[in-house]
Amino acid sequence: MNATQKSAEIINIDSKKPVPVPLSVYVKQTVETYLTQLNGHDAVGLHAMVISEVEKPLLEAALEYAGHNQTKAAKALGLSRSTLRKKLDHYGIS
């Protein structure tokens, strides 16, 4: 069993509190599924596609977490407010 498989396991330390699976495990599984579905066709622009698929909901979640306060959301994300605004404009998020 490799490290990714180990980290994907949910270990029941307390039967009521499962240990969460890291986001990276879900991303890897989803990318592998996508590549399998290509049925031998070449993957093109995979990095940009994955980044945009992950970044938009990340920005939306950070804004919601910060009560739609862009300054607080930018701080939570580790971005400058101007960079956050550019990304919001890019994804059409208001």
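Trainee: Report on helix α4 (residues 70–77), specifying residues and quantitative values.
Mentor: Within the sequence span of α4, burial applies to Gln 70, Ala 73 and Ala 74. Projected down its long axis, α4 shows its buried positions confined to an angular sector of 100°, all on one face. Pointing more than 90 degrees away from the buried face of α4 are the exposed residues Lys 72, Lys 75 and Ala 76. Buried residues belonging to α4 abut α3 (46–65) and α5 (81–91). The backbone nitrogen of Thr 71 has a side-chain oxygen 3.0 Å away, supplied by the residue at the start of α4, namely Asn 69. Among the residues trailing α4, Gly 78 stands out with phi positive, at a value near 75°.

Reading the values: the criteria
- Residues numbered from 1 in each chain as written.
- Predicted model: local features only at pLDDT ≥ 70, side-chain atom pairs only at ≥ 80, totals over all residues.
- Heavy atoms only, no water.
- Buried < 20%, exposed > 50% of the residue type's maximum accessible area, 1.4 Å probe, protein only.
- Helix = DSSP H or I, 4+ residues; strand = E, 2+ residues; numbered from the N terminus.
- Arc of directions from axis to C-beta.
- Contact = heavy atoms within 4.5 Å.
- Polar contact = N/O pair within 3.5 Å; in protein donor to acceptor, adjacent residues only side chain to side chain.

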